[in-house]
Amino acid sequence: MTKRTVTHGTFTIDRRFDASPRRVFQAFADPEAKARWFGGPPEWGPNKKTMDFRVGGRETNRATPPDHKEHSYEAVYYDIVPDERIVYAYEMHIGDERISVSLATIQFSPDGAGTHLKLTEQGAFLDAFDNPRYARRGRSA
C-alpha cells in the first residue's frame, strides 16, 4: 500500500513589470497572450489547452514529456476583478495521480509607470509527488 502524505506550503512571489496593470492582467486573461508564456517546454510537444476566463470558468493545460506520463493543470476561477485581482484553485496531475491542489491569488497594483504583481499560493502537496519548492520556482504543464 502507498503511504499517503500531505505537505502544506504557502509562498508569495513579488514582481514588477514595466507595463500597466491592464496589460499585465491581460497576460493572464487573454488565452492567446497566456499561451505565449504558460506551458511546457517545446520537447513536450503541443500543449492541449482550454480557457474560459470568467468567475466559475475553467482552464486546462495538458502536455506530455518524452517517455513520460501526461502532466495536467486543471483550474477553476473563483474571483476576477479586472486589472486588480484573480483568485483561482487548481490541481496538478501526472497521469492519473493528483500531485497537488492549490489556491492562488494574483494581485495587480500600479507601481509608478508600471505594475507590482503579487502572487500568493497556498498548496497541499500530495504523497511526495510534488512539494512547495517546485511550485515556487514554476512548473511546466
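Here's a quick rundown of the structure. Quick caveat, the model's predicted, so the values are computed rather than measured.

1. Some words on the overall build of the protein
Counting secondary structure elements, the protein contains 3 helices and 7 strands. Reading the protein from its N terminus to its C terminus gives the helix and strand order β-α-α-β-β-β-β-β-β-α. Across the 141 residues that make up the protein, the buried fraction comes to 38%. In the structure as shown, the protein presents an accessible area of about 8,500 Å², 50% of it carried by carbon and sulfur atoms.

2. Focus on the side chain of Thr-115
As for its position among the elements, Thr-115 is in strand S7 (residues 114-126). Among the residues examined, Thr-115 registers a relative accessible area of 0% and is labelled buried. A distance of 2.6 Å separates a polar atom in the side chain of Thr-115 from the backbone oxygen of Ala-19. Discounting residues that sit within four places of it in the chain, Thr-115 has contacts with Arg-15, Arg-16, Phe-17, Ala-19, Ser-20, Pro-21, Val-24, Phe-108 and Ser-109.

What counts and what doesn't
Residues numbered from 1 in each chain as written. Predicted model: local features only at pLDDT ≥ 70, side-chain atom pairs only at ≥ 80, totals over all residues. Heavy atoms only, no water. Helix = DSSP H or I, 4+ residues; strand = E, 2+ residues; numbered from the N terminus. Buried < 20%, exposed > 50% of the residue type's maximum accessible area, 1.4 Å probe, protein only. Areas by Shrake-Rupley, 256 points an atom, 1.4 Å probe, with all protein chains shown as cover. Polar contact = N/O pair within 3.5 Å; in protein donor to acceptor, adjacent residues only side chain to side chain. Contact = heavy atoms within 4.5 Å.

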